[in-house]
Amino acid sequence: RGEPTLLYPGGVREAFKSTKKGEAYKLFWPDATDSADFAPVAARFNATIVPVAAIGAEDGFRMLADADELLATPFLGQWVADTARRAPVGRPGERFV
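Everything quoted here is computed from the prediction, not taken from an experiment.

Some details on the overall build of the chain
Here's step 1: Within the chain one finds 4 helices and 0 strands.
Here's step 2: Looking at the chain as a whole, 16% of its 97 residues are labelled buried.
Here's step 3: For the chain, long-range pairs separated by at least 24 residues make up 53% of all intrachain contacts whose partners lie at least 6 apart in sequence.

Structure, rendered in structure tokens:
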């Protein structure tokens, strides 16, 4: 659809790790055999790959609530779960929540 997107080698798990559970500054990349789908996903969507590196990116914002906390929030949690189920899947078996 011509929209910019971000692909993370560690997938959704890497992009939305919890800073509250001591996961800050840790990588959650899958084994090399499991991460071989990064390039095919980009190719499937005819994406232009622009490598980006950021030092201190995790300090750019403070996470107020992680996925588990959002899901436990009355009313909002159900909306988050429903919205996540409708989101496209980039890597089979991986979801935001």
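Examining the confidence of the model for the chain
Here's step 1: Residues of the chain with pLDDT of at least 70 account for 63%, and the chain-wide mean is 75.
Here's step 2: Model confidence for the chain, summarised as mean pLDDT per element, is weakest for helix 1 (residues 11-15) at 67 and strongest for helix 4 (residues 76-86) at 89.

Quick notes on unusual backbone geometry
It is generally the case that most residues other than glycine have a negative phi and that most peptide bonds are trans.
Here's step 1: The backbone phi angle of Asn46 is positive, close to 55°, even though this residue is not glycine.
Here's step 2: Within the chain, Phe75 stands out as a residue other than glycine whose phi angle is a positive 70°.
Here's step 3: As for its position among the elements, Phe75 is in the loop between helix 3 (67-72) and helix 4.
Here's step 4: The class for Phe75 is exposed, based on a relative accessible area of 79%.

Brief notes about helix 4
Here's step 1: Buried within helix 4 are the following residues: Gly77, Val80, Ala81 and Ala84. Taken end-on, helix 4 shows its buried residues confined to a sector of 95°, consistent with a single buried face. For helix 4, exposure combined with an orientation more than 90 degrees from the buried face picks out Trp79 and Arg86.
Here's step 2: Tucked inside the fold, the buried residues of helix 4 contact helix 3.

Thresholds, definitions, all that
Residues numbered from 1 in each chain as written. Predicted model: local features only at pLDDT ≥ 70, side-chain atom pairs only at ≥ 80, totals over all residues. Heavy atoms only, no water. Helix = DSSP H or I, 4+ residues; strand = E, 2+ residues; numbered from the N terminus. Buried < 20%, exposed > 50% of the residue type's maximum accessible area, 1.4 Å probe, protein only. Contact = heavy atoms within 4.5 Å. pLDDT = per-residue confidence, 0-100. Arc of directions from axis to C-beta.

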